[in-house]
Amino acid sequence: MNMDTQDSRMTGVLLHPTCLYTPYGIGDFGPAAYGFVRSLARSGVKLWQILPLGPTGYGNSPYAERSTFAGNELLISPEMLVREGWLSPFDLDRKPAFPAGKVDYQAVINWKIPLLKRAAKEFLTTDSVQEGFNTFCEENSYWLDDYALFMVLYGQYKDARWNSHWEKQVSHHDPIALAHIAEEHSEEIEVWKALQYFFERQWLSLKHFANDAGVSIIGDVPIFVAGDSADTWSNLGLFQIDGNGSYSRVSGVPPDCFCATGQLWGNPVYDWDKMKKDGYAWWMKRLKRLASRNDYIRIDHFRGFESYWSIPAGNPTAEHGVWVKGPGQEFFDMVKKQFPNLKIIAEDLGFMTPAVDKLRDDNGFPGMRIGIFGFNRAQDGTFDAKDTNLPHNYPYQAVVYPGTHDNEPINGWFSHRSEEDKRLVTDYLDCKQENVPWSLIRCMIASHARYAIFQMQDILNLGDEARMNTPSTCGDQNWSWQLKKEDDIEPSMQKLKKLITLYGR
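Since we're looking at a predicted model, the values are computed, not measured.

Each value, and the rule that gives it
- Residues numbered from 1 in each chain as written.
- Predicted model: local features only at pLDDT ≥ 70, side-chain atom pairs only at ≥ 80, totals over all residues.
- Heavy atoms only, no water.
- Helix = DSSP H or I, 4+ residues; strand = E, 2+ residues; numbered from the N terminus.
- Rg over C-alpha atoms; globule rule 2.2 N^0.38 Å.
- Buried < 20%, exposed > 50% of the residue type's maximum accessible area, 1.4 Å probe, protein only.
- Areas by Shrake-Rupley, 256 points an atom, 1.4 Å probe, with all protein chains shown as cover.
- Lys, Arg positive; Asp, Glu negative; His and termini not counted.
- Charge placed at Lys NZ, Arg CZ, Asp CG, Glu CD.
- Axes fitted to C-alpha atoms, helices over the stretch in contact; angles between N-to-C directions.
- Parallel < 35°, antiparallel > 145°, perpendicular 65-115°, else oblique.
- Left-handed = near helix turned anticlockwise from the far one by under 90°.
- Contact = heavy atoms within 4.5 Å.
- Pairing = 2+ DSSP bridges.
- Expected span 1.5 Å × (residues − 1).
- Bend = angle between axes of the 7 residues up to and from the residue.
- Nonpolar A, V, L, I, M, F, W, Y, C, P; charged D, E, K, R; others polar.

Asker: What exactly am I supposed to notice about the overall build of the chain here?
Answerer: On a plain count of helices and strands, the chain comes out with 20 helices and twelve strands. Computed over the C-alpha atoms, the radius of gyration of the chain is 23 Å, within 12% of the 23 Å expected from 2.2 N^0.38 for a compact globule of 505 residues. Overall, the chain is about 70 × 55 × 40 Å in size when its C-alpha atoms are taken along their principal axes. Counting over 505 residues, the chain shows a buried share of 55%. When the accessible area of the chain is evaluated, it comes to approximately 21,400 Å², of which 50% is carbon and sulfur surface. Where the 52 positive side-chain charges of the chain centre and where its 65 negative ones centre are 4 Å apart.

Asker: Can you help me understand the packing of helix α13 (residues 281–293) against helix α14 (residues 329–338) in this one?
Answerer: For any two helices packed against each other, one specifies the crossing angle of their axes together with the interaxial distance. Packing of α13 against α14 leaves a shortest axis separation of 11 Å and a crossing angle of 50°. Comparing their axes, α14 and α13 come out oblique. The crossing of α13 and α14 is right-handed. Note on element contacts: α14 touches α13 through F331, M334, V335 and Q338, opposite W283, M284 and L287.

Asker: Explain the sheet that holds strand β8 (residues 322–325) to me, please; I cannot follow it from the model alone.
Answerer: The strands that make up a sheet pair up through hydrogen bonds in the backbone, lying either parallel or antiparallel. Here four strands make up an open sheet; going across it, the order is β5-β4-β7-β8 and the pairing antiparallel. Looking at which strands have only one partner, the edges of the open sheet turn out to be β5 (263–268) and β8. Within the sheet, the average angular offset between the axes of one strand and its neighbour, ignoring direction, is 50°. Note: strand β4 (residues 249–253) against β5, three bridges, orientation antiparallel. Across the sheet, V253 pairs through a bridge with Q263, a residue of β5.

Asker: Looking at this structure, how should I read helix α4 (residues 105–124)?
Answerer: Residues lying three or four places apart along an α-helix face the same way, a consequence of the helix completing one turn every 3.6 residues. Taking 1.5 Å of rise per residue, the 20 residues of α4 would be expected to cover 28 Å, and the 27 Å separating its terminal C-alpha atoms lies within 8% of that figure. Along α4, the helix axis deviates most sharply at K112, where the bend reaches about 25°; the proline P114 sits within four residues downstream. Inspection of α4 places Y105, V108, W111, K112, I113, L115, L116, A119, A120 and F123 among the buried residues, and these make up the whole buried set. Against the buried residues of α4 lie α2 (78–84), α3 (89–93), α5 (130–139) and α10 (186–212).

Asker: Would you mind showing me how to read the sheet that holds strand β12 (residues 451–455) here?
Answerer: Spatial strand order, β9-β6-β3-β2-β1-β12-β11-β10: eight strands in an open sheet with parallel pairing. The sheet is open, and its two borders are formed by β9 (344–346) and β10 (367–370), each paired with just one other strand. With strand direction ignored, the average angle separating the axes of adjacent strands in the sheet is 25°. On top of the sheet, helix α18 (residues 436–446) reaches β11 (398–401) and β12; it is set at about 160° to β12, its chief contact.

Asker: What's the story with the packing of helix α6 (residues 141–157) against α10 in this structure? I'm lost.
Answerer: Close contact between α6 and α10 brings their axes to 9 Å; oriented N to C, the two are set at 120°. With respect to each other, α6 and α10 are oriented oblique. Here α6 and α10 pass one another in a crossing that is right-handed. For the pair α6 and α10, the contacting residues are W143, L144, D145, Y147, A148, L149, M151 and V152 in the first and E188, I189, W192, K193 and Q196 in the second. For the contact of α6 with α10, a count of residues per class yields nine nonpolar, one polar and three charged.

What follows is the structure in structure tokens.
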């Protein structure tokens, strides 16, 4: 699980595929994605970081997937389906008018899912393509069968909350009841499988194109899965449940200086003791699937493998949780045994302990540093020049960002600082206020850190209007930012190239 063996420093760009401009309301794996990869390669950027690729649920968050194994059908390119003959150009001409610079998920779903299903039905009538499809279904049956059936049931019940809104036999995964439903809806199940086949082929084609151009993909895996997902519905025994089959404990983080009641994520927590008995088989399948899609894997909330905040189900806040030990080194020993070449990045932000640091370092995982955090003053108002989030303190074994998808773009962050703090930032960067974003980018590229990754919003010098996500909120602004048709990223990418060349990344 070592990172790259060569002694090199690399630059990356963080941009989720949904943010790419297309005429179809949402970014996808079509021509715009290939154009983006070409721009990365021309600029000397070696890493493309994305968010989780699974089908999103309530709130459209990539971190609340309907399945950790499946792909988000909305990322399938209709243009690619036209090229393959499963749709006609006329199908795309009838698209509605989508808003500029923002993904309207419901409008996209209303237009795109029926269109994709029509393509899938056309595909399923063609005998010449069945061999590849059948092989895909056989190799992925361990998750695909349940996911396709889950999506059929989700449509029937108009609600994904299977543990509270589905009939008992169905919610408890009764094999006789499910066999009857599967037989009755066999054609629709095949359609959902075909959509996953489309996703798989398009994404792997794009990934291979990126790799051939010298660009590696950094994927993302949330430690927990959603309670209203196919993962929990089909693997209930892997989670902590009560006698009625409901979740007994849920996840979150404790109260801190940012939130007096903590963060109640609500994801069910694993029964790690039960998982241990079969060698963490479900997790190994999950990582194998992710490794086939990505070159690196960023583990979100890495500290949860050492210990996690466990909250009694039904609590309105995260205040009354307790720290519970996770699987720790034993888990990663199993990972190393099965995936010796897997490249892992540890998202080690938030409340850390020496034990978490040790787990990260013992496994050789680089941790993360956030540039804008380095300018936070202590409670007594003092500035800590030794803060490890400041560029001059970065260790080599680190992945550094000005901010992530959960933070404001640099411009937005800087605009909200006090005048005293603004002076601190400009003094540190030795620049005028209007030059802060690119001065911070320059400083981070020049640093010793092995991996320096920048949001596209920061490269384009955008502000709060382009923020990707505000944690602990569920508004329609989250996860919806998208490039506009008129946005030309090339000048900014060439500016980035000059810095990459200047500082030998």
